[in-house]
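The chain contents come next:
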Amino acid sequence: MASEQPGFWARVQRASVERLHIRLESLVVLLALSTAMALLSPYFLSLSNLLNILLATSTIGVLAIAATFVIGSGGLDLSLAR
């Protein structure tokens, strides 16, 4: 008897668990790096450093939101027209 392929919902659930696992790994690495930097440098958890990090990431965040709207609205054209 041949082994049956898993059903659609089983594959969806497995993919969902794998994505969650990757996100949790990323969170654990971020927390480990933040803890290490906080222990190594007394300035890492200062208010001025946190504001500098927010300022640097806000620029990228605004550009990412704009790019999301362009791609989502279909305004991105990658065709090679002559």
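Presented here is an overview of the structure given in this document. (Residues numbered from 1 in each chain as written. Predicted model: local features only at pLDDT ≥ 70, side-chain atom pairs only at ≥ 80, totals over all residues. Heavy atoms only, no water.)

## What about the overall build of the protein chain?
In plain terms, the rule: Helical segments are the DSSP runs of H or I of at least four residues, strand segments are the runs of E of at least two, and each set is numbered from the N terminus. Relative accessibility thresholds used throughout: buried, under 20% of the residue-type maximum; exposed, over 50%; partly exposed, between the two (1.4 Å probe, protein chains only). Note on areas: these come from Shrake-Rupley sampling with a 1.4 Å probe, and a residue is covered only by the protein chains present in the view.
Along the protein chain, the regular secondary structure elements total 2 helices and 0 strands. Sorting the 82 residues of the protein chain into buried and exposed places 0% on the buried side. Total accessible area on the protein chain stands at roughly 7,800 Å², and carbon and sulfur atoms take up 71% of it.

## Some thoughts on the packing of aromatic side chains
Where we set the bar: Paired rings are identified among Phe, Tyr and Trp, the last through its six-membered ring, by centres lying within 6.5 Å, and are further divided according to the angle between planes into stacked (under 30 degrees), edge-to-face (over 60) and tilted (the rest).
Per the stated rule, a full pass over the model turns up 1 aromatic pair. The interplanar angle of 70° and the centroid separation of 5.0 Å between the aromatic rings of Phe8 and Trp9 together place this pair among those described as edge-to-face. No difference in accessibility class separates Phe8 from Trp9, as the two residues are exposed.

## Considerations on a nonpolar patch on the surface
Rules: Nonpolar side chains (Val, Leu, Ile, Met, Phe, Trp, Tyr) within 5 Å and like charges within 9 Å form the patches, drawn only from residues with over 30% relative accessible area and no salt bridge. Should a side-chain nitrogen of Lys or Arg be within 4 Å of a carboxyl oxygen of Asp or Glu, the pair is scored as a salt bridge.
There is a patch of nonpolar side chains on the surface, built from Leu20, Leu24, Leu27, Leu30 and Leu31 and spanning about 480 Å² of accessible area. Topologically, Leu20 is positioned in helix H1 (residues 8-40).

## A word on helix H2 (residues 47-72)
The test is simple: What a helix should span is 1.5 Å times the count of its residues minus one. Fitting one axis to the seven residues ending at a residue and another to the seven starting there, the bend at that residue is the angle between the two axes.
Over its 26 residues, H2 extends 36 Å from the first C-alpha to the last, a length consistent with the 38 Å expected when each residue adds 1.5 Å. Of all the bends in H2, the largest measures some 25° and sits at Ser58. One or two positions beyond H2, positive phi appears at Gly74, with a value near 85°.

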